[in-house]
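Close look at the chain arrangement
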Amino acid sequence: MHDELIEQKSWWKKNWKWFLPVSMLILILTAVLFSSGIGGITNNYAQAYSDEDLYQDAIEQVKSNSKAIEVLGEIQPIDKLAILEGEVEYSNQNQSVSSSIRIVGSKARGRIDILANRVQGKWNYEKIKLRIKSPPEKKQSINIIPAE
């Protein structure tokens with residue numbers, strides 16, 4: 001019998017062929033992510049999720065408009081997915097926001113466009129516009145708070 005030791009290859013020698021390309025790909029994707037501004041967009045959506053008052057107060061404004069209620073019917077509460085499906089852009093150190101979210105009523109669906117500024121911790125709405133999208137025969141825009 002042969003009494004020779006079998007030399008084991010190190011982890012690096014066995015796996016370098018896949019480890020190097022995968023590492024490079026991760027580094028390139030990370031660099032693209034940070035340089036493309038996607039981090040800022042992600043920050044806007046995270047801020048929007050935490051600003052529930054912004055959307056709840058806007059929905060209350062829509063509910064107080066008789067024409068909007070006539071067209072939409074009973075308005076369902078917004079969910080977190082509505083914010084993600086919409087658009088949101090914060091500016092002025094998160095003190096101003098321009099946003100668009102979907103709204104669903106018992107008679108129609110649409111979007112709410114919001115332009116607001118935070119003053120002493122409360123949202124001051126400059127514009128709230130309701131755009132009815134479906135059904136097509138009810139398609140229209142209703143200014144809840146017209147832009148000045």
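The rules behind the values
Residues numbered from 1 in each chain as written. Predicted model: local features only at pLDDT ≥ 70, side-chain atom pairs only at ≥ 80, totals over all residues. Heavy atoms only, no water. Helix = DSSP H or I, 4+ residues; strand = E, 2+ residues; numbered from the N terminus. Expected span 1.5 Å × (residues − 1). Buried < 20%, exposed > 50% of the residue type's maximum accessible area, 1.4 Å probe, protein only. Arc of directions from axis to C-beta. Pairing = 2+ DSSP bridges. Axes fitted to C-alpha atoms, helices over the stretch in contact; angles between N-to-C directions. Contact = heavy atoms within 4.5 Å. Core = buried A, V, L, I, M, F, W, Y, C linked by side-chain atoms within 4.5 Å. Phe/Tyr/Trp six-rings, centres within 6.5 Å; stacked < 30°, edge-to-face > 60°. Patch = residues over 30% accessible without salt bridge, like charges linked within 9 Å, V, L, I, M, F, W, Y side chains within 5 Å. Areas by Shrake-Rupley, 256 points an atom, 1.4 Å probe, with all protein chains shown as cover. Salt bridge = Lys/Arg side-chain N within 4 Å of Asp/Glu carboxyl O.

1. Examining helix H3 (residues 52–63)
Helix length check: H3 (12 residues) gives 17 Å between terminal C-alpha atoms against 16 Å at 1.5 Å per residue, within 8%. Within H3 the residues assigned to the buried category are Leu54, Tyr55, Ala58, Ile59 and Val62. All buried residues of H3 lie within an arc of 125° about the axis, which places them on one face of the element.

2. Re the sheet that holds strand E2 (residues 96–104)
Spatially, 5 strands are ordered E1-E2-E3-E4-E5 in an open sheet, and the strand pairing comes out antiparallel. The sheet is open, and its two edges are formed by strand E1 (87–91) and strand E5 (140–145), each paired on a single side. Taken pair by pair, the neighbouring strands of this sheet meet at an average axis angle of 20°, ignoring direction. On the sheet, H3 packs against E1, E2, strand E3 (109–119), strand E4 (122–134) and E5 and is oriented at approximately 60° with respect to E4.

3. Quick word on the nonpolar core
If you look at the biggest cluster of nonpolar residues, it comprises 31 residues, and the most contacted ones within it are Leu54, Tyr55, Val62, Ile112, Tyr125 and Leu130. Aside from chain neighbours lying at most four places away, what touches leucine 130 is Val62, Ala68, Leu72, Ile103, Arg111, Ile112, Gln140, Ser141, Ile142 and Ile144.

4. Thoughts on the packing of aromatic side chains
With the rule as written, the count across this model stands at 5 aromatic pairs. Between tryptophan 11 and phenylalanine 19, the ring centres sit 5.5 Å apart and the planes meet at 80°, which makes this aromatic pair edge-to-face. The exposure class of tryptophan 11 is partly exposed, given its relative accessible area of 46%. Judged by its relative accessible area of 31%, phenylalanine 19 falls in the partly exposed class. Plain terms: the ring middles of tryptophan 12 and phenylalanine 19 are 5.9 Å apart, the flat faces sit at 80° to each other, and that makes the pair edge-to-face. Taken together through their ring pairs, the aromatic side chains of Trp11, Trp12, Trp18 and Phe19 make up a single cluster.

5. A few points about a nonpolar patch on the surface
A contiguous nonpolar surface patch, about 810 Å² in accessible area, is contributed by Trp11, Trp12, Trp16, Trp18, Phe19, Leu20, Val22 and Ile26. Tracing the sequence through the fold places tryptophan 11 in helix H1 (residues 11–35).

6. Some words on the pairing of E2
Of all 9 residues making up E2, 8 are buried, and the element is well covered by its neighbours. Here E1 hands over to E2 after 4 residues, with asparagine 92 in that stretch at a positive phi of 55°. Of the pairings in the sheet, the one linking E2 to E3 comprises 9 bridges and is antiparallel in character. Paired with serine 100 across the strands is aspartate 113, a residue of E3. Linkage of E2 to E3, two consecutive antiparallel strands, is achieved through a turn of 4 residues.

7. Comments concerning the pattern of salt bridges
Under the defined criterion, the tally for this structure stands at 4 salt bridges. Here glutamate 60 ties to lysine 63 by a salt bridge, and the two come within 4.0 Å at their closest N and O atoms. A residue pair is termed a helical-turn pair when its members lie 3 or 4 positions apart in one helix, as glutamate 60 and lysine 63 do in helix H3 at 3 residues. Residue classification places lysine 63 among the partly exposed positions, given a relative accessible area of 38%. Between aspartate 79 and arginine 102 there is a salt bridge, and its shortest N-O distance comes to 3.3 Å. One end of the pair, aspartate 79, is in the loop between helix H4 (66–72) and helix H5 (80–85); the other, arginine 102, is in strand E2, with 23 residues separating them in the sequence. A single salt-bridge network, built from bridges that share partners, covers Asp79, Glu85 and Arg102.

All quantities given are derived from atomic positions and should not be read as evidence of function.
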